[in-house]
Amino acid sequence: MANAKPTEEEILAGLAEIVEEVAGVESDEVTADKSFVDDLDIDSLSMVEIAVQAEDRFEVKIPDAELANLKTVGDAVNYVAKNV
Amino acid sequence: MTAIRLSQGAAASRILGIGSTQPERVVTNDELSTIMDTDDQWIRERVGIRERRFGGTEDTVVSMAVEAGSKAIAASGLTPSDVDTVIVANCTTTVPIPNAAAQVADLIGIKAAGGFDLNAACAGFCYALASASDMVRAGSATRVLVIGSEKLTDVVDPVDRSTAIIFADGAGAAVVGPSDEPGIGPVAWGTAGDLAETITMPNGRHIYQEGQAVFRWATTKIAPIALRALELAGLQPSDVDILVPHQANLRIVEAIAKKLRQKGAREDMVVADDIVTSGNTSSASIPMAMDHMRAAGRIHSGDVALLVGFGAGLSYAGQVVICP
Ligand SMILES: CC(C)(COP(=O)(O)OP(=O)(O)OC[C@H]1O[C@@H](n2cnc3c(N)ncnc32)[C@H](O)[C@@H]1OP(=O)(O)O)[C@@H](O)C(=O)NCCC(=O)NCCS
């Protein structure tokens, strides 16, 4: 990855690809306002897999304790943007 | 100078036969739902288990080891006196003394066998298999009975839904003996003691685990160990006919299979899914899965199987074997 910080749009696009890969949710369904659990039907174990892939892709750490706070796609985008 | 003479071992080792046993009593998800706040759909989706076996008071680590071990000896076309060493991998005997191996050897009818228990939790069978293989090759044993036997229900809080829905009882065994051609590859093993606290027994009686931490570790760190075992054996992912990961959680099994396929394992590679009807039986799960798949005609003599165990410690070990 380039050293330049990814923009929020880039993070969202990257997350959407990961969510599609892990959970089979169409990537254009993955928008900032969506709740992972309630809207996208993603469970806590798929969230762990998404976190692992997001860590690799964006070079951030997303500990399990943090994961529980990332309720919406927007929460995840903000977390990555802040911590990358 | 006085020189010590060394023993001469076999050129190579292989698995001669396998066997397994489970207690009679089948416990469904619906039955568990009557005693704790859980349900069939949740268990199937998160863990992949449909039913498992729970032992009664007559089923012990020793009794199940004796049955699985006797079957493995018979499947090898041998009698107990052909075996000279017994390793019982287990982590669920409730007292450490006496160990299981000496009693198991005696009850099977193996006189004065070398014997010891080995605790590497759910990686125990792969650790024991590697030890047995090296013993045969070094000449310290001729034929080794390697058993994984566990009565998890003795160390699980029966109403704790985070563990009681996962763990179960059973035993699996293999006889390891000499071979002209290598039938057991080099082991890739290791530990991650920095994560020791993720699977513990805080009250000294019941298992407690940090489920998501263990899930994260298993879905990221174990496929590379399996690939390392292949590399040590000089094989490619595409050579693997059967993948037998420890049956911890079907989602973990599938994640490991997916990673191996991304590295070139075949789509038609058979992936062990014995957890669906057996639950997580710790060190017993790998040989039991192999035995059930053999009985179901899903694996055949000569198939290349990739085994990988992982669990408390944390500990892990994997190797390639040729199915007997
Ligand atoms: C144990 C494991 C299945 C738990 O799954 P999890 O998704 O981490 O479970 P959590 O404790 O985070 O709970 C997630 C949700 O399911 C619910 N839940 C937990 N256990 C439940 C059960 N047995 N039945 C029904 N619902 C349950 C929780 O209440 C929670 O609901 P909420 O989000 O509405 O609050 C999982 O972490 C796992 O398998 N990890 C690997 C462990 C392993 O393989 N160990 C063996 C190593 S040898």
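So, how was this worked out
- Residues numbered from 1 in each chain as written.
- Chains lettered and ligands numbered in written order.
- Predicted model: local features only at pLDDT ≥ 70, side-chain atom pairs only at ≥ 80, totals over all residues.
- Heavy atoms only, no water.
- pLDDT = per-residue confidence, 0-100.
- Domains from an automatic or database assignment.
- Salt bridge = Lys/Arg side-chain N within 4 Å of Asp/Glu carboxyl O.
- Helix = DSSP H or I, 4+ residues; strand = E, 2+ residues; numbered from the N terminus.
- Nonpolar A, V, L, I, M, F, W, Y, C, P; charged D, E, K, R; others polar.
- Contact = heavy atoms within 4.5 Å.
- Buried area = accessible area lost by both parts, 1.4 Å probe.
- Polar contact = N/O pair within 3.5 Å; in protein donor to acceptor, adjacent residues only side chain to side chain.
- Near = heavy atom within 4 Å.
- Areas by Shrake-Rupley, 256 points an atom, 1.4 Å probe, with all protein chains shown as cover.
- Pairing = 2+ DSSP bridges.
- Axes fitted to C-alpha atoms, helices over the stretch in contact; angles between N-to-C directions.

For chain B, the mean per-residue pLDDT works out to 97, and 100% of the residues sit at or above 70. Taken over the whole predicted complex, pTM reads 0.96, whereas the ipTM for its chain interfaces reads 0.90.

Another point: the domain arrangement of chain B. All names here are of chain B. Each domain of chain B was delimited in the assignment, giving domain 1 (12–179) and domain 2 (188–323). In this structure, domain 1 and domain 2 have C-alpha centres spaced 16 Å apart. Across the contact surface, domain 1 and domain 2 share 0 salt bridges. Mapped onto the side of domain 1 that touches domain 2, the elements with two or more residues apiece are strand E1 (12–21), helix H2 (40–46), strand E3 (51–53), helix H5 (124–138), strand E6 (144–151) and strand E7 (169–179). If one sorts the elements of the side of domain 1 that touches domain 2 by residue count, H5 sits on top with 6 residues. Each residue belonging to the side of domain 1 that touches domain 2 can be placed in one class, and the counts come to 23 nonpolar, 13 polar and 11 charged.

With 14 residues of chain A at the interface, the matching set in chain B holds 11 residues. Summing both sides of the interface, chain A and chain B together bury roughly 1,100 Å²; the carbon and sulfur share of this comes to 47%. A per-residue breakdown of the area chain A buries against chain B is headed by A:Leu45, A:Glu49 and A:Asp64, which together make up 44% of the total. The shortest N-O distance in the salt bridge between A:Asp64 and B:Arg216 comes to 3.2 Å. At the junction of chain A with chain B, the criterion picks out 9 residue pairs in polar contact (both at pLDDT 80 or more). Sorting the residues of the side of chain A that touches chain B by element identifies helix H2 (44–58) and helix H3 (64–67) of chain A as the ones contributing at least two each.

Further remarks concern the site of the ligand. For the ligand, the set of nearby residues contains 23 residues, the closest of which are A:Ser44, B:Thr38, B:Arg161, B:Gln209 and B:Asn249. The ligand is flanked by residues contributed from chains A and B. In the environment of the ligand, an oxygen atom lies 2.7 Å from a nitrogen or oxygen atom belonging to the side chain of B:Arg161. Between the ligand and B:Asn249 there is a distance of 2.7 Å, counted from an oxygen atom to a side-chain nitrogen or oxygen. For the ligand, the protein covers 72% of the area, taking 950 Å² as the surface of the free molecule. For the shell around the ligand, the elements supplying multiple residues, two or more each, are H2 of chain A together with H2, helix H6 (211–232) and strand E13 (304–311) of chain B. By residue number, the principal contributor to the shell around the ligand is H6(B), which donates 4 residues. A per-class count over the shell around the ligand returns 11 nonpolar, 9 polar and 3 charged. When we break the shell around the ligand down by domain, the ones giving at least three residues each are domain 1 (12–179) and domain 2 (188–323) of chain B.

Attention now goes to the sheet that holds strand E14 (residues 315–322) of chain B. Through backbone hydrogen bonds, the strands of a sheet pair up, either in parallel or in antiparallel fashion. All names here are of chain B. Read across the open sheet, the 5 strands follow the order E8-E14-E13-E11-E12; overall the sheet is mixed. One side of each edge strand has no neighbouring strand; the edge strands of this open sheet are strand E8 (188–191) and strand E12 (270–271). Direction of pairing for E13 relative to E14: antiparallel, over a ladder of 8 bridges. Opposite glycine 309, over in E14, you have alanine 317 as the bridge partner. Running at roughly 145 degrees to strand E11 (residues 242–245), helix H9 (residues 285–295) makes contact with E11, E12, E13 and E14 of the sheet.

Here we come to the sheet that holds E6(B). Residue and element names in this part refer to chain B. Across the sheet, 5 strands lie side by side as E1-E7-E6-E4-E5; this open sheet has mixed pairing. Both outer strands of the open sheet, E1 and strand E5 (114–118), are each paired with one neighbouring strand and no more. Each neighbouring strand pair of the sheet contributes to a mean axis angle of 20 degrees, computed without reference to strand direction. Pairing analysis gives 5 bridges linking strand E4 (residues 85–89) to E6, with the strands arranged parallel. Directly across from valine 88, in E6, lies its bridge partner isoleucine 147. Where helix H3 (residues 61–75) meets the sheet, it contacts E1, E6 and E7, and its direction lies at approximately 125 degrees from that of E1.

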